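# Inside the fold
Spelled out, the chains give:
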Amino acid sequence: MSFSNLGLSDKVLAAVAASGYTTPTPIQEQAIPHVLARRDVLGIAQTGTGKTAAFVLPMLTMLEKGRARARMPRTLILEPTRELAAQVKEQFDKYGAGQKLTVALLIGGVSFGDQDVKLTRGVDVLIATPGRLLDHTERGGLLLTGVELLVIDEADRMLDMGFIPDIERVCKLVPFTRQTLFFTATMPPEIRRITETFLHNPEKIEVSKPASTAVTVTQSQVPCGREPHEKRETLRRLIRAATDLKNAIIFCNRKREVALLAKSLQKHGFSVGALHGDMDQSARTAALDQFRKGELPILVASDVAARGLDIPEVSHVFNFDVPHHPDDYVHRVGRTGRAGRLGTAISIVAPSDQKSIAAIEKLIGKEIPHADAGPAGDAEEETERPARSSRRPSESRSRAPRGEDGPREAREPRRPRRGEPRKAPEPSEARETVEVQEPRREPREPRKPRREPRPASVPAPAAHASFGSAPPSRERESASEPADHSHLPAFLLRPVRARG
Ligand code: AMP
């Protein structure tokens, strides 16, 4: 099957050829003809299957005829996160380069005014996160009555993030006669209900078994103590021992932990960026760009920020925290081993994570093999411990909304109940909130340097002498040793940029 058999316009076919793709992926092959025939489509597909082009290409073909009117977009695409929205826009820019279409992004963290100006001029394709979209409609700056085609992407993620009420509201604001394309990786009952309510006799296309991990990814779990500093130490050992590591995403369950861990790794001389939902948009985009270009080989991220990101070559995924929801594990691991490449996914497992690991193994239908963290590195060298975090038991049990813009009703400030701290956590943080103590600097006993033989596979302390930042104490002692860098992952040898 080739793209030319799918009914796409000549302009779109030329753009696809220019991009180097010769064969449609299964979701493209099956969905595109139905989209062009104006049918509703229910696509059960994960990211990495080419599902974005499965709606972008026919939309570009269909939009060649007609013109946009002020404040009345012709098509609307809903995405759960800003990054995914931006990624979809990139695909319109890539495949639609030969067309004069206006594509606008309505996402949080960007000025309302600029977005409003764009809407006034009229847009052919509006790509939005639900919260910001509804803010614009409420202000009267946007009318959805001209929408001919609605795409709801990553619907199960929208459910996780508490966006379903917003989605229902949007579906009621667009004309009943519009065409709807609905994509989800899984079909929990709530998603099924939405599809039954808002899709009209959809063509159902399922391209991969939901909740499976790619066979090209080597998965393992490494046991670790319950203390945060033990997890950080285990992680550093794992990174140093991974001689085939080209780049890595390290996942944390909470935004606060992302920032703390990134800082801790930087202190230990690693070149690290951070990505979480509380960062402003420009910082998120910059971190992602640096990671994509290889300038920052390690990215510490939360699920919200990293879900569905298209970063084709990620060699390693580390679960610094085991995710509480098994489907998050599948998505995290799916960041590596993309498009048939080899990948490694390692989960650091504290005693309290046993239940979560069991749920993950049940979902993926196989046991995750046990491994150890590799030789001890700098166990006692953490000169400054990032703030300790603790979670109230009720928080760890509840599955709270975790949208980065937050579901709309949850975004309203709530008056504290008796006994609660005066400032309630931001709803967008509900799942990611921790109580953070200031780091305590305790006086330390001067320690004798340990003289342990270091296996050749582990980067010697001398490796850290090549980083710009001050190495931890023992490493400083060893800096005079001759450095043999030949067996080190390249990223360990890159200079680290000092951060204010
Ligand atoms: P998606 O599932 O939309 O996130 O796409 C995953 C990756 O597949 C992206 O890097 C796309 O550029 C790539 N891709 C999309 N369509 C094709 C195709 N027909 N052949 C090869 N790669 C593709």
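Computed from a predicted structure; not experimentally measured.

Conventions used here
Residues numbered from 1 in each chain as written. Predicted model: local features only at pLDDT ≥ 70, side-chain atom pairs only at ≥ 80, totals over all residues. Heavy atoms only, no water. Helix = DSSP H or I, 4+ residues; strand = E, 2+ residues; numbered from the N terminus. Buried < 20%, exposed > 50% of the residue type's maximum accessible area, 1.4 Å probe, protein only. Contact = heavy atoms within 4.5 Å. Areas by Shrake-Rupley, 256 points an atom, 1.4 Å probe, with all protein chains shown as cover. Axes fitted to C-alpha atoms, helices over the stretch in contact; angles between N-to-C directions. Parallel < 35°, antiparallel > 145°, perpendicular 65-115°, else oblique. Left-handed = near helix turned anticlockwise from the far one by under 90°. Nonpolar A, V, L, I, M, F, W, Y, C, P; charged D, E, K, R; others polar. Near = heavy atom within 4 Å. Polar contact = N/O pair within 3.5 Å; in protein donor to acceptor, adjacent residues only side chain to side chain. Salt bridge = Lys/Arg side-chain N within 4 Å of Asp/Glu carboxyl O. Pairing = 2+ DSSP bridges. UniProt positions renumbered as here; feature names shortened; annotations may be inferred. Phe/Tyr/Trp six-rings, centres within 6.5 Å; stacked < 30°, edge-to-face > 60°. Lys NZ or Arg CZ within 6 Å of the ring centre and 35° of its normal. Right-handed = clockwise from strand over helix to strand, strands pointing away.

### With respect to the overall build of the chain
- Looking only at helices and strands, one finds 18 helices and 15 strands in the chain.
- In the chain, buried positions account for 53% of the 500 residues.
- Sequence separation of at least 24 residues holds for 79% of the intrachain contacts in the chain that already meet a minimum separation of 6.
- Approximately 22600 Å² of the chain is accessible, and the part contributed by carbon and sulfur atoms is 52%.

### Some thoughts on the packing of helix H6 (residues 130–138) against helix H8 (residues 164–173)
- One way to put it is that H6 packs onto H8 with a least axis distance of 10 Å and a crossing angle of 45°. When the axes of H6 and H8 are compared, the pair comes out oblique. Handedness of the H6/H8 crossing: left-handed. Across the interface between the two elements, Pro130, Gly131, Leu133, Leu134, Thr137 and Glu138 of H6 pack against Asp166, Ile167, Arg169, Val170 and Leu173 of H8.
- Here the contact of H6 with H8 is composed, by residue class, of six nonpolar, two polar and three charged.

### Description of the site of the ligand
- Taken together, the neighbourhood of the ligand is formed by 13 residues, with Tyr21, Gln28, Gly48, Thr52 and Asp310 sitting nearest.
- Residue Tyr21 places a side-chain N or O atom 2.5 Å away from an oxygen atom belonging to the ligand.
- In the complex, the protein chains occlude 81% of the 500 Å² of accessible area that the ligand would expose alone.
- Of the residues in the shell around the ligand, the class split is three nonpolar, eight polar and two charged.

### Quick word on the pattern of salt bridges
- Across all of its chains, the model carries 17 salt bridges by this definition.
- Notably, a salt bridge pairs Glu168 with Arg193, separated by 3.3 Å at the nearest N-O pair. Taken together, the residues span a long stretch of sequence, with Glu168 in helix H8 and Arg193 in helix H9 (residues 189–198) at a distance of 25 residues.
- Of the residues examined, Glu168 reaches a relative accessible area of 19% and is grouped as buried.
- Judged by relative accessible area, which is 32%, Arg193 ranks as partly exposed.
- Linking Asp303 and Arg332 is a salt bridge whose minimum nitrogen-to-oxygen distance equals 2.8 Å. Pair noted here: Asp303 is in helix H13 (residues 303–306) and Arg332 is in helix H14 (residues 326–333), with a separation of 29 residues, a long-range link. We note that Asp303, like Arg332, is buried.
- Each of the salt bridges in this network shares a partner with another, and the network as a whole consists of Lys51, Asp153 and Glu154.

### Looking at the pairing of strand E8 (residues 217–223)
- With five of seven residues buried, E8 lies mostly within the body of the structure.
- Strand direction decides the pairing type here: E8 and strand E13 (residues 343–349), joined by seven bridges, are parallel. The residue of E13 that forms the bridge with Gln219 is Ala345.

### Considerations on the side chain of Asn319
- Within the element layout of this structure, Asn319 appears in strand E12 (residues 316–319).
- A polar contact is formed between the side chain of Asn319 and the side chain of Arg332, at a distance of 2.9 Å.
- A distance of 3.0 Å separates polar atoms of two side chains, one belonging to Asn319 and the other to Ser347.

### A closer look at the sheet that holds strand E5 (residues 149–152)
- Overall, parallel pairing links the seven strands, which are arranged E3-E4-E2-E5-E6-E1-E7 in an open sheet. Every other strand in the sheet has two partners, leaving strand E3 (103–106) and strand E7 (203–206) as the edge strands with one partner each. The sheet shows a mean angle of 15° between the axes of neighbouring strands, taken without regard to direction.
- Bridge count between strand E2 (residues 75–78) and strand E4 (residues 125–128): four bridges; the pairing is parallel. Of the residues in E4, the one forming a bridge with Leu78 is Ala128.
- Across the sheet, helix H2 (residues 26–36) is in contact with strand E1 (41–44), E5, strand E6 (179–184) and E7; its angle to E7 comes to roughly 170°.

### Some words on the sheet that holds E12
- On the basis of which strands lie adjacent, the open sheet formed by six strands has the order E8-E13-E12-E9-E11-E10 and parallel pairing. Pairing within the sheet leaves two strands with one partner each, and these edge strands are E8 and strand E10 (272–275). Within this sheet the neighbouring strands show an average axis-to-axis angle of 20°, counted without direction.
- Of the pairings in the sheet, the one linking strand E9 (residues 248–252) to strand E11 (residues 298–302) comprises five bridges and is parallel in character. The partner of Ile249 across the bridge, within E11, is Leu299.
- On the sheet, helix H10 (residues 228–241) packs against E8, E9, E11, E12 and E13 and is oriented at approximately 160° with respect to E13.

### A closer look at the UniProt feature "short sequence motif: Q motif" (unreviewed entry) in the chain
- In the numbering used here, UniProt assigns the "short sequence motif: Q motif" (unreviewed entry) feature to residues 1–29.
- Within residues 1–29, the helical portion is 48% and the strand portion 0%, while the C-alpha atoms at the span's ends are 8 Å from each other.

### With respect to the packing of aromatic side chains
- Enumeration over the complete set of coordinates arrives at one aromatic pair.
- Aromatic pair Phe55 and Phe183: ring centres 5.4 Å apart, planes at 40°, arrangement tilted. Note that Phe55 is positioned in helix H3 (residues 51–63) and Phe183 in strand E6, a separation of 128 residues in sequence.
- On the accessibility criterion, Phe55 (0% relative accessible area) is buried.
- Of note, Arg139 hangs over the ring of Phe112, and the distance from its end group to the ring centre comes to 3.6 Å.
- Positioned over the ring face of Phe320 is Lys231, at 4.9 Å from the centre of the ring.

### A look at the pairing of E3
- In terms of strand pairing, E3 meets E4 through four bridges, oriented parallel. Bridging from a neighbouring strand, Leu105 pairs with Ile127 of E4.
- Each parallel crossover has a hand, and the one from E3 via helix H5 (residues 112–121) to E4 is right-handed.

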